[in-house]
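Residues per chain, in single letters:
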Amino acid sequence: MWRIIIGGLAALALVAAGVVLFNRNARSVAALPAVPLPVAQAGSGENLPDVAPAATEATREAKRFARYDKDENGTVGREEYLAPRRKAFAKLDTNHDGALSFDEWAAKTETKFAEADKDKSGGMTPAEFATTAPKRKPPHIHRDCPPPASAAASEES
């Protein structure tokens with residue numbers, strides 16, 4: 001009998017925990033503020049369309065293809081495909097002998113280590129090591145989008 005009671009209480013506790021977690025997740029989704037629609041030009045009497053036109057931006061792969069297709073002939077040739085690698089190799093090949101020694105290949109890493117090892121102890125502390133993290137590019141911001149209503153109001157003040 002006591003097993004049934006404990007089992008029932010455990011089931012109720014699981015249901016209550018699920019309800020609490022579900023409600024917490026539902027409340028964390030913030031509603032977006034309403035964006036004012038642009039008004040038609042004064043006196044034109046024209047109404048705006050109900051649906052915005054489809055975007056015509058190139059896909060990520062189309063942009064990548066266009067970067068490689070330097071002569072814009074619609075195909076990426078072998079030389080076009082290898083050109084970025086040749087430039088990277090030339091930067092590393094400091095003595096221009098057409099071969100990379102280990103020192104040439106590791107020169108940037110050696111410099112990075114020497115700059116991070118502030119106390120010149122030959123080893124990096126966790127704080128020094130943290131300075132070697134790769135630099136990330138900031139996310140691309142679309143400049144043609146209007147600022148949010150809250151940002152526009154703060155700029156006017």
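This text gives an overview of the structure that appears in the document. (Residues numbered from 1 in each chain as written. Predicted model: local features only at pLDDT ≥ 70, side-chain atom pairs only at ≥ 80, totals over all residues. Heavy atoms only, no water.)

### Examining the packing of aromatic side chains
Reasoning step 1: Within the structure shown, the criterion is met by 2 aromatic pairs.
Reasoning step 2: Residues Phe102 and Trp105 carry aromatic rings whose centres are separated by 5.7 Å and whose planes lie at 50° to one another, so their mutual orientation is tilted. Of this pair, Phe102 and Trp105 both sit in helix α4 (residues 102-116), 3 residues apart, which is roughly one turn of that helix. In terms of burial, Phe102 and Trp105 fall into one category: exposed.
Reasoning step 3: When the ring centre of Tyr81 is taken as reference, the NZ or CZ atom of Arg85 above it lies at 5.7 Å. (Phe/Tyr/Trp six-rings, centres within 6.5 Å; stacked < 30°, edge-to-face > 60°. Helix = DSSP H or I, 4+ residues; strand = E, 2+ residues; numbered from the N terminus. Buried < 20%, exposed > 50% of the residue type's maximum accessible area, 1.4 Å probe, protein only. Lys NZ or Arg CZ within 6 Å of the ring centre and 35° of its normal.)

### A look at α4
Reasoning step 1: Here α4 spans 21 Å end to end across 15 residues, near enough to the 21 Å set by a 1.5 Å rise per residue.
Reasoning step 2: Along α4, the residues classified as buried are Glu104, Ala106 and Ala116.
Reasoning step 3: Its buried side turned inward, α4 meets α3 (78-92) and α5 (126-130). (Expected span 1.5 Å × (residues − 1). Contact = heavy atoms within 4.5 Å.)

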